[in-house]
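Analysis of the macromolecular model
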Amino acid sequence: DASPSMPASNELNQHPRATKLLEKVLESKQRFFNAMEIFGLLSKVNKVQKKVPQYCTMVRSATVTATTIYFNTPSMDTSNRVIRQFRQHEDRFLRVKFRDESYKGTIMNFGDDTCDELFTRVKRTMKNGIVVGDRRYEFLAYGNSQFREHGAYFFAPTSTLTTEMIRNWMGDFEGIKTVAKYASRIGQCFSTTRAMPNTVAINRIPDIERNGFCFSDGVGKISLFSAQITALEMGLSSFAGDCPSVFQFRLGGLKGVLSVDPSLKGPLIEVR
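These numbers come from a predicted model, not from an experiment. (Residues numbered from 1 in each chain as written. Predicted model: local features only at pLDDT ≥ 70, side-chain atom pairs only at ≥ 80, totals over all residues. Heavy atoms only, no water.)

1. As for the sheet that holds strand β11 (residues 246-251)
Pairing between the strands of a sheet is mediated by backbone hydrogen bonds and can be parallel or antiparallel. Rule in force here: Between any two strands, pairing holds if DSSP finds at least two bridges. Only DSSP runs of H or I reaching four residues or more are called helices, and only runs of E reaching two or more are called strands; each is numbered from the N terminus. The convention used is that axes are lines fitted to C-alpha atoms, helices contributing only their stretch in contact, and that angles between N-to-C directions extend from 0 to 180 degrees.
Pairing within the open sheet is mixed, and its five strands lie in the order β7-β13-β10-β12-β11. Every interior strand has two partners, whereas the edge strands, β7 (201-204) and β11, have only one. Between one strand axis and the next, the sheet turns through 30° on average, direction left out of account. Where strand β10 (residues 219-222) meets strand β12 (residues 254-260), four bridges bridge the pair, whose relative direction is parallel. Opposite Gly220, over in β12, you have Leu258 as the bridge partner.

Below you can see the structure in the form of structure tokens.
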């Protein structure tokens, strides 16, 4: 039955606002015994849709403990190469962390059987995935920083896109037989990065080597033009005298730094 305290029906039918209200309930960390009381939080719901920068994405996350799973509201974070490629499915990516029951510390191995059940829980989650509504999130991969934090990326497959298809898109890793190295190479794709704001030409150049030593391992070159465009995109000074002289980069499995070379002209980078 309708009640004077109930919001108007057209207000309830506003899907984005209803979602924000439920997120506010979760963030409040309160227990509501009367479901109608949650509408008292409507005044605290931001009606303005937060604009997500092009280089960011709204990340969904979950924390797995020995006995339960905590789901978190989406948070804005810098995107990575994988999410940018499959942006139309970005809401199907889930960042998962494994924590102890205090929900604060990382999982520790004390060298005895006290953690057996905890590690069984981790294995079961990695193997069977996480079910949320009509979606089953499957293990996808993990970045290097996530590995140190006991975390990973999961993905809810669709009829046209699976976790195996995403991993195949990342590159050909068949020649890597060491598990740790294999995971590390895949993890490069999940480094938080910004895409180059303009199309650039890419040249391969040899390393600088003397007397059996390599002096340029992981160091490439970038033209001043591309450096200025990149600095402008990142909100940094793009004037020739103030423009950054070195950039950290990821490119198709390569990683390292690019130093500005004034002799390079136009949109050009050279990698080793």
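2. Considerations on the side chain of Glu270
Rules: Contact criterion: two residues are considered in contact whenever any of their non-hydrogen atoms come within 4.5 Å of each other.
Relative to the assigned elements, Glu270 resides in strand β13 (residues 268-271). Other than its neighbours up to four places away in sequence, Glu270 contacts Asn203, Ile205, Gly220, Lys221, Leu258 and Leu264.

3. Here's the deal with the pattern of salt bridges
Spelled out, the test is: Salt bridge, as applied in this entry: a Lys or Arg side-chain nitrogen positioned within 4 Å of an Asp or Glu carboxyl oxygen.
Within the structure shown, the criterion is met by seven salt bridges. We note a salt bridge from Asp77 to Arg95, for which the minimum N-O separation is 3.1 Å. Remark: Arg95 occurs in strand β3 (residues 93-98) and Asp77 occurs in strand β2 (residues 69-78); sequence separation between them is 18 residues. Between Asp207 and Arg272 there is a salt bridge; the shortest N-O distance is 3.9 Å.

4. A short note on the sheet that holds strand β4 (residues 130-132)
Taken in spatial order, the six strands make up an open sheet running β2-β1-β3-β6-β5-β4, and their pairing is mixed. Here the strands that pair on one side only, and so sit at the sheet edges, are β2 and β4. Shown here is a sheet whose adjacent strand axes are inclined to one another by a mean of 35°, direction ignored. Note: strand β1 (residues 56-64) against β2, eight bridges, orientation antiparallel. Following the sheet pairing, Ala62 is matched in β2 by Phe71. On top of the sheet, helix α4 (residues 116-128) reaches β1, β2, β3, β4, β5 (135-141) and β6 (151-155); it is set at about 170° to β3, its chief contact.

In short, geometric facts, not functional conclusions.
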